[in-house]
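The chain contents come next:
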Amino acid sequence: AILSRGYARRSKARVVVVNDGTGMAVSASEAGDEPCMLARALPDVPLIVCASRYEAGRVAEARFGATVHLLDDGFQHIRLARDIDLLLVSSADLDEAVLPSGRLRDPLDAARGADALLVPGTAEDAARVGGVLGVPTTFSLTPSRGTLRVLAPFANAPSSARGTRVIAVAGIARPVRFFDDLRVDGFDVVQSFAFRDHHWFTARDIAHIESVAARSGADVVITTEKDA
């Protein structure tokens, strides 16, 4: 089972079964954007939302017989017993400071509590980060991007990225990475819109984006799966 806090969801219910193992059971506003995305990608996996991941796990065990629980942002969740801690760390994080001066939630030396590191980049990058942080088991991550999917009725997906003029829209933690990925894939990003993480898009937002797309002669508006 996947356990999530459902950050920024609009439901006031304490526990929400987003996916009962047969597909989405609630709306995105009840689930939150990330749980909704995960439930659609993994329709066979029960997904429970609750501010207490312990309580969510108990529900998953009682209702669905779950024996393995997967959660993110759990490294600082000291009250919750873990079997395995996988810590995602980039090379850039080695130069970061702890909140509020930087983006880190814990000092770098806390990484020694991880069972393994997941490092974007090459195997050499992973080994270097692991050596600095004192974690011998490391895995390198290579990003891959799926094909574009149409959100009808707005547009047809372009058959080729090269030279396609696009408006890029993202409400994620580091939107610049998404914009850069589009450029690497050959899209001509004529304008980008960066919203706060977990942003709930309004009709006014959409109208403004469409207006800019029309004025700029963009062929398509592209956003992330989570924002979609």
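Our subject is the structure listed above.
Residues numbered from 1 in each chain as written. Predicted model: local features only at pLDDT ≥ 70, side-chain atom pairs only at ≥ 80, totals over all residues. Heavy atoms only, no water.

Student: Requested: an account of unusual backbone geometry, with residues and values cited.
Tutor: Here the residue pair L99 and P100 is connected by a cis peptide bond, since its omega of 5 degrees sits within 30 degrees of zero. Tracing the chain through its elements places P100 in the loop between strand 4 (86–88) and strand 5 (116–120). In the Ramachandran plot, A8 falls in the positive-phi region, its phi being about 70 degrees despite a non-glycine side chain. Along the chain, the position of A8 falls in the loop between strand 1 (2–4) and strand 2 (15–19). Although it is not a glycine, H198 adopts a positive phi angle of roughly 65 degrees. In this fold, H198 is placed in the loop between strand 8 (188–194) and helix 6 (203–216). Looking at H198, the relative accessible area reads 11%, which means it is buried. (Helix = DSSP H or I, 4+ residues; strand = E, 2+ residues; numbered from the N terminus. Buried < 20%, exposed > 50% of the residue type's maximum accessible area, 1.4 Å probe, protein only.)

Student: Give me the lowdown on helix 2 (residues 33–41), citing residues and values where you can.
Tutor: Looking at helix 2, one finds that the buried residues are D33, P35, C36 and A39. The buried residues of helix 2 occupy an angular sector of 165 degrees when projected down its axis, which confines them to one face. (Arc of directions from axis to C-beta.)

Student: Residue-level account of the sheet that holds strand 1, with values.
Tutor: Reading across from one edge, 1-3-2 is the order of the three strands in this open sheet, with mixed pairing throughout. Two strands close off the open sheet at either side, each with one partner strand: strand 1 and strand 2. In this sheet, neighbouring strand axes are inclined to one another by 25 degrees on average, regardless of whether the strands run parallel or antiparallel. As judged from the three bridges shared by strand 1 and strand 3 (residues 47–50), these two strands associate in the parallel manner. By the bridge assignment for strand 3, S4 is matched with V49. Each of strand 1, strand 2 and strand 3 touches helix 2; the most contacted strand, strand 3, lies at about 170 degrees to it. (Pairing = 2+ DSSP bridges. Axes fitted to C-alpha atoms, helices over the stretch in contact; angles between N-to-C directions. Contact = heavy atoms within 4.5 Å.)

Student: Help me get a handle on the pairing of strand 5, residues and values and all.
Tutor: Pairing of strand 4 with strand 5, which is carried by three bridges, proceeds in the parallel orientation. Of the residues in strand 5, the one forming a bridge with L88 is L118. A crossover links strand 5 with its parallel partner strand 6 (residues 138–141), the connecting element being helix 4 (residues 123–133), and its sense is right-handed. (Right-handed = clockwise from strand over helix to strand, strands pointing away.)

Student: Outline the packing of aromatic side chains, listing residues and values.
Tutor: The description of an aromatic ring pair rests on the distance of the ring centres and on the angle between the ring planes. A full pass over the atoms with the stated rule returns two aromatic pairs. On the numbers, 4.9 Å between centres and 70 degrees between planes, the contact of F195 with F201 is edge-to-face. (Phe/Tyr/Trp six-rings, centres within 6.5 Å; stacked < 30°, edge-to-face > 60°.)

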